[in-house]
Amino acid sequence: MNNLIPKSKIIKGCILFVVYVAIFIFLLKYISSNQEVMSRITSASPLYVGLGMTCTCLSMILTGLMDVTCAKAYNIRIRCWESVVLTYLSATLNLIFPLQMGSIVKAVYFKKKINLGYTKYVSILSGTTVINLMVTFVILIGCLILSSLRWNLESYLIFLLILIFVIALLSFALVIKFQDVVLRFLPFKKISVPIMQGFFMLLSNRRAMILTALNLLFSSLLGGIRFALIFKMLGFSGGLLNGLLYYGVYTASTIMPILPGNIGISEMLVGLLNTILGSDFDIGVTVVLVNRIYYYIISILGSILAIYPLMKRCFSFQN
C-alpha cells in the first residue's frame, strides 16, 4: 500500500488532517459560545436525534449497496454485507487518518479479495460522483423553484443559481455524449484514459445508471429528512422542502473537497443560505455540524460491529 502513496502526498495529507481537526474544534467552540443554540441542543428531543441517526445509518447502507450495483457493470460480484461493512470501516478510517486512508484500504481489499482493479475502483468513484452531482443539481433546481414560490426571495439570485446548475448538467451531458473527444484531449493518458474508459463503461450500463440514480435519489430523500429533523430538534419547522434544499447545498459542497469533508466550507455555505432565507447564520452552521457528528457516531459504531465479520472473511481467504 505504501507504493500507492508518495511521501509528498503523505505530508500534504497530514497537514490537511491537522487543519481538519483544528477547524472542527473551532466550530465546536464557536457553536458552544452561542448560549441560545446550546440551550436548543441540550434540550433536544431524543426521538429526533434517534430518527436523524437512523437516516444516517440507512444512507451509509445505501452507499455500500451502490458499490455492489456499480461493480456488476464490470461483471464483478461484491457481497452486499461485505460492501456495507467496508463502507462503515472506510468512513471511520477517513475520519481518523489523512489521505482518505479508508478509501485506499477499501480499494486494496477489493483488489485482493475480488480482483476489482484500482482503475475500475476509481472509475466507480468517478461515475457515482457524477451521477450524484446530477441528481443533486436536479433536486436543487426543483427546491429553488418551489422555495422561490414559498418564500419572498430575490428572483435574480434564484435565476442565477438555477442557470449555474443547468449549465453544469448540460456540461456533464456533453462529456458523456462526446466521449472520443474527451479521451483524445485528456492529459496523463496512461493514467487518465483507463480511468475515463472505465467511467464511460459504467455510465453506458443503463441498469447500473438507473439503479445508482434511484439509490442516490432515495439517499437524498433520507438526507433531506435528516436535515428537517435536525431543524425540528433545534426548534425550527423547516419541513422536507427546506431539508432537501439544505441537504442539496451541503452535498454539492462536499463532492469536490478542498479540505477533508470540506469541513468549515459546508458549514459556511449552509450558514449563508440560512441568512439569505432570513434566519440566523449560526443555526445553519449548527445544522451541518450536528449532521457531521451524526455521521461520525454512526460510522464509528458501524465499524465496531463490522470488524468481526470482516476479519473472519479475511482469515477464511488465508485458510
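Let me begin by describing the structure that accompanies this report. (Residues numbered from 1 in each chain as written. Predicted model: local features only at pLDDT ≥ 70, side-chain atom pairs only at ≥ 80, totals over all residues. Heavy atoms only, no water.)

### Re the overall build of the protein chain
Alright, step 1. Across its full length, the protein chain holds 13 helices and zero strands.
Alright, step 2. Helices and strands appear in the protein chain in the N-to-C order α-α-α-α-α-α-α-α-α-α-α-α-α.
Alright, step 3. Within the protein chain, the fraction of its 319 residues that count as buried is 47%.
Alright, step 4. Of the contacts formed within the protein chain by residues at least 6 apart in sequence, a portion of 72% connects residues at least 24 apart.
Alright, step 5. Split by element, the accessible area of the protein chain, about 16900 Å² in all, is 70% carbon and sulfur. (Helix = DSSP H or I, 4+ residues; strand = E, 2+ residues; numbered from the N terminus. Buried < 20%, exposed > 50% of the residue type's maximum accessible area, 1.4 Å probe, protein only. Contact = heavy atoms within 4.5 Å. Areas by Shrake-Rupley, 256 points an atom, 1.4 Å probe, with all protein chains shown as cover.)

### Examining the packing of aromatic side chains
Each aromatic ring pair is specified by the distance between its two centres and by the angle formed by the two planes.
Alright, step 1. If you walk through the whole model with that rule in mind, you get six aromatic pairs.
Alright, step 2. Ring geometry for Phe137 versus Phe172: centroids 6.5 Å apart, planes at 15°, classification stacked. Taken together, the positions of Phe137 in helix α6 (residues 118–150) and Phe172 in helix α7 (residues 155–177) put the pair 35 residues apart, joining distant regions of the chain. Both residues of the pair, Phe137 and Phe172, belong to the buried class.
Alright, step 3. Here the aromatic rings of Phe227 and Tyr247 are separated by 5.8 Å at their centres, their planes lie at 70°, and the arrangement is edge-to-face. (Phe/Tyr/Trp six-rings, centres within 6.5 Å; stacked < 30°, edge-to-face > 60°.)

### Describing the pattern of salt bridges
Alright, step 1. Applying the stated rule across the entire model yields two salt bridges.
Alright, step 2. The shortest N-O distance in the salt bridge between Asp67 and Lys106 comes to 2.6 Å. Of the two residues, Asp67 sits in helix α3 (residues 46–72) while Lys106 sits in helix α5 (residues 101–114), which places them 39 residues apart along the sequence.
Alright, step 3. Lys106 gets classed as buried once you look at its relative accessible area, which sits at 7%.
Alright, step 4. Across the salt bridge formed by Glu267 and Arg292, the nearest N and O atoms sit 2.9 Å from each other. Residue Glu267 is located in helix α12 (residues 265–276), and its partner Arg292 is located in helix α13 (residues 281–318); the two are separated by 25 residues in the primary sequence. There is no split in this pair, since Glu267 and Arg292 are both buried. (Salt bridge = Lys/Arg side-chain N within 4 Å of Asp/Glu carboxyl O.)

### Concerning a positive patch on the surface
Alright, step 1. Taken together, the side chains of Lys72, Arg77, Arg79 and Arg207 define a basic patch exposed on the protein surface.
Alright, step 2. The topology assignment puts Arg79 in the loop between α3 and α4 (80–96). (Patch = residues over 30% accessible without salt bridge, like charges linked within 9 Å, V, L, I, M, F, W, Y side chains within 5 Å. Lys, Arg positive; Asp, Glu negative; His and termini not counted. Charge placed at Lys NZ, Arg CZ, Asp CG, Glu CD.)

### Quick word on the environment of Cys55
Alright, step 1. By the secondary structure assignment, Cys55 is in helix α3.
Alright, step 2. With a relative accessible area of 8%, Cys55 lands in the buried category.
Alright, step 3. Note: C-alpha distance between Cys55 and Leu229 (174 residues apart in sequence) is 9.8 Å.
Alright, step 4. Among all residues touching Cys55, those that are not within four sequence positions of it are Leu222, Ile225, Arg226 and Leu229.

### Examining the side chain of Asp67
Alright, step 1. With relative accessibility at 9%, the residue Asp67 sits in the buried group.
Alright, step 2. Beyond its immediate chain neighbours, meaning those up to four positions away, Asp67 contacts Ile78, Ser83, Thr87, Lys106 and Ile124.

### Some details on the packing of α3 against helix α10 (residues 206–233)
Alright, step 1. The N-to-C vectors of α3 and α10 enclose an angle of 170°; their axes lie 9 Å apart at closest approach. When the interaxial angle is binned, α3 and α10 end up roughly antiparallel. Helix-helix and strand crossings are classified by hand; for α3 and α10 the assignment is left-handed.
Alright, step 2. Partitioned by chemical class, the residues of the contact of α3 with α10 number 17 nonpolar, seven polar and four charged. (Axes fitted to C-alpha atoms, helices over the stretch in contact; angles between N-to-C directions. Parallel < 35°, antiparallel > 145°, perpendicular 65-115°, else oblique. Left-handed = near helix turned anticlockwise from the far one by under 90°. Nonpolar A, V, L, I, M, F, W, Y, C, P; charged D, E, K, R; others polar.)

### Observations regarding the side chain of Thr92
Alright, step 1. Along the chain, Thr92 falls in helix α4.
Alright, step 2. Of the polar contacts made by the side chain of Thr92, one reaches the side chain of Ser303; its length is 2.4 Å.
Alright, step 3. What Thr92 contacts, discounting residues up to four positions off in sequence, is Ser299, Ile300 and Ser303. (Polar contact = N/O pair within 3.5 Å; in protein donor to acceptor, adjacent residues only side chain to side chain.)

Note that all results are geometric; they support no functional claim without further evidence.
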